[in-house]
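# Summary of the model geometry
Take a look at the letters that make up each chain.
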Amino acid sequence: MPMNKVVHAAQRAAFSAAIDSAIKAVRGKGPENMAEQAVKLVNLAQPLLAHRYPDADWDKVRAFVSDPGSKWMEYAYKAINEIDPHILKMNTLNLVYEGMFAGYNYVMELRRKYDCNMPWILLFDPTSACNLHCKGCWAAEYGNRLNLSFEDMDRIVTEGEELGIHWYMCTGGEPTCRKEDLFKLAAKHQNSVFHLFTNGTLIDQAFCDRVKKVGNMAFFISIEGIGDATDARRGEGVYDRVMHAMDLMKENGLLFGTSICYTSANYKAVTSDEFMDMLISHGVRFNWYFHYMPIGDGANVDLMLNAEQREYMIHRVREIRGYTGGKPIFCIDFQNDGEYIDGCIAGGRQYAHINPAGDVEPCVFIHYSNANIHDKSLLECLQQPLFKEYHKGQPFNHNHLRPCPMLENPELLGEMVKRSGAHSTDMQQPESTDDVFRRCRPYADQWTPSADRIWAEEHPDCASCASCSACASK
């Protein structure tokens, strides 16, 4: 069991009261109250994470939140005043306290107990169905053949919460095709958050009203660029529908950001000042950038970035989210921010993925598995042979600009799948790791010199220190 129920209830109540107090003290009353309230929350968090971070780090955090005129404190002040208070509280309480603090501490205990990876984030696909027919998307062709039942999803979350997992992301397919079951799930599991990756086209006022009622939901809206850039892939008129959805969500105080796949064709457009300003004006709080992955039969390798383009992305995303300058929108680039999370986070190290057939996969982009939730418990699925191979192999490269066992180290994926006996779970047709290797090897070869140069420039002592498992073993 996680921590003592009485202790947990007391801690949750303390955080809940502190969040309520902070929202009340700051909302509509000027940014000068931000620092005091933020420091109170930091002081509450420190005892829970004292074993993970030294006191000096907490002092730095207190100094950071004590500057009400900084870019990011102004960003926080704006969010507190614009996001619905119930949504703000539920996402903060469940994501930060339950997920990052109490839940994560228990996840770490379980990692030691079972000597395996144990995630604190879980992605699952409620359905393979989608209401759009986007170019290059398997869901457009596969249709609604596969679905996790409400009972499946409820069991996943129930078992996940018992393991300390309180952050659930719903991918697909289009998860809002299953909105009734997802609202029911969020209402039942009020100690967790449910974040949906969505095309946004099914969001209306009634949808917003229900989100405000449950509180513990947020959204990542997929978008390829401004106007025709989105319509060219998703269909005529989709961009206007997405903008309408964003405006509705902004008016209702919903918490949402974007999910952006960047390619050789759009990487500059989706990081431009014009694009950032447009998103901010429509209420977007954050951008999650994902490098194009050449997955599945017919994947277009021409959309993969060359070394110069990827290096541009590294510098541009960090410029946008800089402590000063840039734009007041938080950006994460999951391929290029590996140094902040020690490389690959898949295979249960920080997250895992469950497809609509119930297969538990190491990554939303890597479709191989030894386990299915219809046959095993969630804990048993997380202990499957392929996940143990991930556990033994991570980090897959001491250079965290080359984190992935598929994209930048493609020989490793095939080796792990072979040793574990995992099978292909691709939705269209089974895919050999040899095919994945052939697509990714040229990319890995052309990116490696640039990645190593950039890493050496930014981490000059890393390669020779041998102080981490990555350097010592690679």
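Thresholds, definitions, all that
- Residues numbered from 1 in each chain as written.
- Predicted model: local features only at pLDDT ≥ 70, side-chain atom pairs only at ≥ 80, totals over all residues.
- Heavy atoms only, no water.
- Helix = DSSP H or I, 4+ residues; strand = E, 2+ residues; numbered from the N terminus.
- Domains from an automatic or database assignment.
- Contact = heavy atoms within 4.5 Å.
- Buried area = accessible area lost by both parts, 1.4 Å probe.
- Salt bridge = Lys/Arg side-chain N within 4 Å of Asp/Glu carboxyl O.
- Polar contact = N/O pair within 3.5 Å; in protein donor to acceptor, adjacent residues only side chain to side chain.
- Buried < 20%, exposed > 50% of the residue type's maximum accessible area, 1.4 Å probe, protein only.
- Pairing = 2+ DSSP bridges.
- Right-handed = clockwise from strand over helix to strand, strands pointing away.

Under an unreviewed UniProt entry, the name given to the chain is Radical SAM superfamily enzyme, MoaA/NifB/PqqE/SkfB family, and the source organism is Gemmiger formicilis.

A cis amide bond links Gly172 to the next residue, Gly173, at an omega of 15°. Position of Gly173 among the secondary structure elements: in the loop between strand 2 (167-170) and helix 8 (179-188). For the bond from Gln394 to Pro395, the omega torsion is -5°, close enough to zero to count as cis. Turning to its location among the elements, Pro395 is positioned in the loop between helix 15 (385-393) and helix 16 (410-420). A positive phi is found at Asp115, a non-glycine position, where the angle reads about 50°.

Partitioning the chain into structural domains gives domain 1 (5-86) and domain 2 (116-459). Computed from C-alpha atoms alone, the centre-to-centre distance between domain 1 and domain 2 is 28 Å. Domain 1 puts 14 residues into the contact, and the matching count from domain 2 is 22 residues. Across the domain 1 to domain 2 interface the summed buried area is about 1,400 Å²; carbon plus sulfur atoms make up 51%. Contact with domain 2 buries surface across domain 1, with Lys71, Trp72 and Tyr75 losing the most and accounting together for 41% of the total. Where domain 1 packs against domain 2, one counts 1 salt bridge. Arg285 serves as the salt-bridge partner of Glu82, at 2.9 Å between the closest nitrogen and oxygen. The interface formed by domain 1 and domain 2 holds 10 residue pairs in polar contact (both at pLDDT 80 or more) in total. Of all the elements in the fold, those that place two or more residues in the side of domain 1 that touches domain 2 are helix 1 (5-26) and helix 4 (71-82). For the side of domain 1 that touches domain 2, the element with the most residues is helix 4, which contributes 6 residues.

To continue, consider the pairing of strand 6 (residues 286-291). In terms of burial, strand 6 is a largely internal element, 6 of the 6 residues being buried. Looking at chain direction, strand 5 (residues 256-262) and strand 6 are connected through 5 bridges and run parallel. Bridged to Cys261 within strand 6 is Phe290. Each parallel crossover has a hand, and for strand 5 linked through helix 12 (residues 273-281) to strand 6 it is right-handed. Here strand 6 pairs with strand 7 (residues 330-333) via 4 bridges, running parallel.

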